[in-house]
Amino acid sequence: MLSPFSVLKKESSKFKSLNIWKQLKDDGNDLSWYLAVSTNRMPAKYLISKSILCNITDLTAATEERLWEEHRNLTEIFLETWKKVRSEKYDVTCNLDSGKTSLMDLNIELTKRMLKHCNFCRWNCQINRSVQSAGSASGEAKKQGTCQLESTSKVSSYFHHCGEEIVFRGTMGSGTIFFTSCNMRCSFCQNGDISTDKDNGIPITPYLLALMIWQLRMEGCHNTNWVGGDPTIHLHTIVEAIGMLDSLQMSAINKMKQYEYIESIKADNYVNRYNTTLKNSESAFYQRRLFNSPQLWNSNFFMSNETLHILRSLMDVWLPDFKFGPGKCALDLSRTPWYWDTVTNNLKQIHGWGEDLVIRHLIMPNHVECCTKPVLDWIALNMPEVPVNIMDQYYPDNLCDPSSSKYRERYNEISRSPTEEEIIRSYQYARELNLNFEALSYEKSVFKLIP
Ligand code: SF4
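What you see is a predicted model, and the numbers here were worked out from it, not measured in a lab.

## A word on the pairing of strand β8 (residues 317-320)
Next, step 1: Neither face of β8 is open: one carries Val317 and Leu319, the other Trp318 and Pro320, and all of them are buried.
Next, step 2: Of the pairings in the sheet, the one linking strand β7 (residues 295-299) to β8 comprises four bridges and is parallel in character. Paired with Trp297 across the strands is Trp318, a residue of β8.
Next, step 3: Crossover handedness for the path β7 to helix α13 (residues 305-312) to β8: right-handed.

Pasting the structure below:
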């Protein structure tokens, strides 16, 4: 019988040999940074961020303006360093144990400051989420933002996700963490129980979140997949958890009570948490000593520019969900203003930064002309080489499901699955635009209506 270490090593090499990498390379975009981190040939960006030293020693004493100024400077150094890491001219371990303040610490401090006037996403609610309701001195009801969250984050489930795109699910699954609540209000949401109920799930701390990441990666997951609802609204918890990853020790993770608590929401059967033979294995460590997992931002991309800049030095690959065209559909179906401008600006930025990304688009009934076509046109014009998953899996859910008591007649136009004609029309249009979509879309297609 193979040891767990040999099993994971074998799975990692199967993942590297998947045919999809060759297909994507032939199509001009093979997500090479993400793959290198996932297979531990390169260190995740958060390790690089930790090696960039900060000139401000007491971050809590500095003004937010000063912190952002330093952030701009350190981001430049980060980018130079990242380039050197990729050409193997930089040893990322050089400053990691120095105990000095780093770009990672600066990212954490900035998210704490942002939480006090929340501008994590485009709603820019400017409310102070760092004070809990019960702590309101005046006794007045505390103001809530669109996401209705305070500072505590809740996780609904975490697991090896075997339904994501092949590049993310690979052979061992994508290490997915599902947060509750959302900053959009999609009437058709297929995770409505999570996204519309802020109290679904268990409260977690950054440390518990770091344990989840650690466990999933040690069990062989190819990445850490931040999703919800939407992860943006939990930015502060996520960034702090990422900052703890390289210092978690096996002795710490063997704390039974903490594992019993988080595993109450673990939705799979992989259990390798106590297997110390995996320590320093090639499956989860860079240079056999630094815990390494590529960070995947799986989001509606309705985040603020500030959030995007924080994530730039932390995310190794991005999975934006580009849903609606430039008309009123985002407002009508998701009660979300400024959708088109926000998402296209964010997409342009990460593409301009040379990041690895895969764009998702869901074909919706009666929305091929107003949403699918403009979305695909925009991608063809701005980033034609980027891999796209055009999804045919829409079904009426949440407020659009005629068999549900939640159903609302005003969503009648999307209360059915897309027709064969709508799916084929969408694929044909993408083909006419010469988009890089076939490799990822067809293997995940539910109806297999390949034109
Ligand atoms: S995360 Fe977005 S929706 Fe929530 S309070 Fe902050 S700005 Fe508002």
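Having seen the structure, we can now continue with the description.
## With respect to the pairing of strand β10 (residues 388-391)
In the case of a regular strand, side chains alternate between the two sheet surfaces.
Next, step 1: By the alternation rule, side chains of β10 split into Val388 and Ile390 and Asn389 and Met391, which are all buried.
Next, step 2: Bridge count between strand β9 (residues 359-362) and β10: four bridges; the pairing is parallel. Each bridged residue has a counterpart across the sheet, and for Ile359 the counterpart in β10 is Val388.
Next, step 3: Once the chain exits β9 it traverses helix α16 (residues 368-382) before rejoining the sheet at β10, and the crossover so formed is right-handed.

## Details of the site of the ligand
Next, step 1: By nearness alone, every residue bordering the ligand is listed as Cys118, Phe120, Cys121, Trp123, Asn124, Cys125, Arg129, Gly145, Thr146, Cys147 and Ile233.
Next, step 2: Counted by class, the shell around the ligand contains seven nonpolar, three polar and one charged residues.

## Details of the packing of helix α9 (residues 206-218) against helix α10 (residues 235-244)
For any two helices packed against each other, one specifies the crossing angle of their axes together with the interaxial distance.
Next, step 1: At a closest axis distance of 8 Å, the pairing of α9 and α10 adopts a crossing angle of 60°. By the angle between their directions, the pair α9 and α10 is classed as oblique. In the packing of α9 onto α10, the handedness of the crossing is right-handed. On α10, the residues that touch Pro206, Tyr207, Leu209 and Ala210 of α9 are Thr237, Ile238, Glu240, Ala241 and Met244.

## Structural notes on the side chain of Thr307
Next, step 1: Mapped onto the elements, Thr307 comes out in helix α13.
Next, step 2: At 3.1 Å, the side chain of Thr307 forms a polar contact with the side chain of Ser304.
Next, step 3: In this structure Thr307 touches Met114, Asn119, Phe120, Thr232 and Leu235, once residues within four positions along its chain are discounted.

## Remarks on the pattern of salt bridges
Next, step 1: Taken as a whole and assessed by the stated rule, the structure comprises 21 salt bridges.
Next, step 2: The residue Asp26 makes a salt bridge to Lys22 at a minimum N-O spacing of 2.9 Å. On the criterion of helical spacing, the pair formed by Asp26 and Lys22 is a turn pair, its members being four residues apart in helix α2 (residues 19-26). The pair Asp26 / Lys22 is uniform in exposure class, with both members exposed.
Next, step 3: Taking the shortest distance from any N to any O, the salt bridge between Glu109 and Arg113 comes out at 2.7 Å. Of this pair, Glu109 and Arg113 both sit in helix α6 (residues 103-115), four residues apart, which is roughly one turn of the helix. There is no split in this pair, since Glu109 and Arg113 are both buried.
Next, step 4: Residues joined by salt bridges that share partners form a network here, namely Glu369, Lys373, Glu421 and Arg425.

## Topic: the environment of Leu211
Next, step 1: Along the polypeptide, Leu211 turns up in helix α9.
Next, step 2: A relative accessible area of 0% means that Leu211 is categorised as buried.
Next, step 3: As for Leu211 and Ala241, which are separated by 30 residues in sequence, their C-alpha atoms are 8.7 Å apart.

## Topic: the packing of helix α5 (residues 64-86) against α13
Next, step 1: With their axes 10 Å apart at the nearest point, α5 and α13 run at an angle of 40° to one another. Accordingly, the angle class assigned to the pair α5 and α13 is oblique. Considering the relative orientation of α5 and α13, their crossing is left-handed. Along the contact surface, α5 presents Trp68, His71, Thr75, Phe78 and Leu79, while α13 presents Glu306, His309, Ile310 and Arg312.
Next, step 2: Grouping the amino acids of the contact of α5 with α13 by side-chain chemistry returns four nonpolar, three polar and two charged.

## Remarks on the sheet that holds strand β1 (residues 153-161)
Next, step 1: Here we have six strands laid out as an open sheet, ordered β3-β1-β2-β4-β7-β8, and mixed in their pairing. Of all strands in the sheet, those with a lone pairing partner are β3 (202-204) and β8, marking the two edges. Geometrically, the sheet is characterised by an average inter-axis angle of 35° between neighbouring strands, direction not taken into account.

How each quantity is defined
- Residues numbered from 1 in each chain as written.
- Predicted model: local features only at pLDDT ≥ 70, side-chain atom pairs only at ≥ 80, totals over all residues.
- Heavy atoms only, no water.
- Buried < 20%, exposed > 50% of the residue type's maximum accessible area, 1.4 Å probe, protein only.
- Helix = DSSP H or I, 4+ residues; strand = E, 2+ residues; numbered from the N terminus.
- Pairing = 2+ DSSP bridges.
- Right-handed = clockwise from strand over helix to strand, strands pointing away.
- Near = heavy atom within 4 Å.
- Nonpolar A, V, L, I, M, F, W, Y, C, P; charged D, E, K, R; others polar.
- Axes fitted to C-alpha atoms, helices over the stretch in contact; angles between N-to-C directions.
- Parallel < 35°, antiparallel > 145°, perpendicular 65-115°, else oblique.
- Left-handed = near helix turned anticlockwise from the far one by under 90°.
- Contact = heavy atoms within 4.5 Å.
- Polar contact = N/O pair within 3.5 Å; in protein donor to acceptor, adjacent residues only side chain to side chain.
- Salt bridge = Lys/Arg side-chain N within 4 Å of Asp/Glu carboxyl O.

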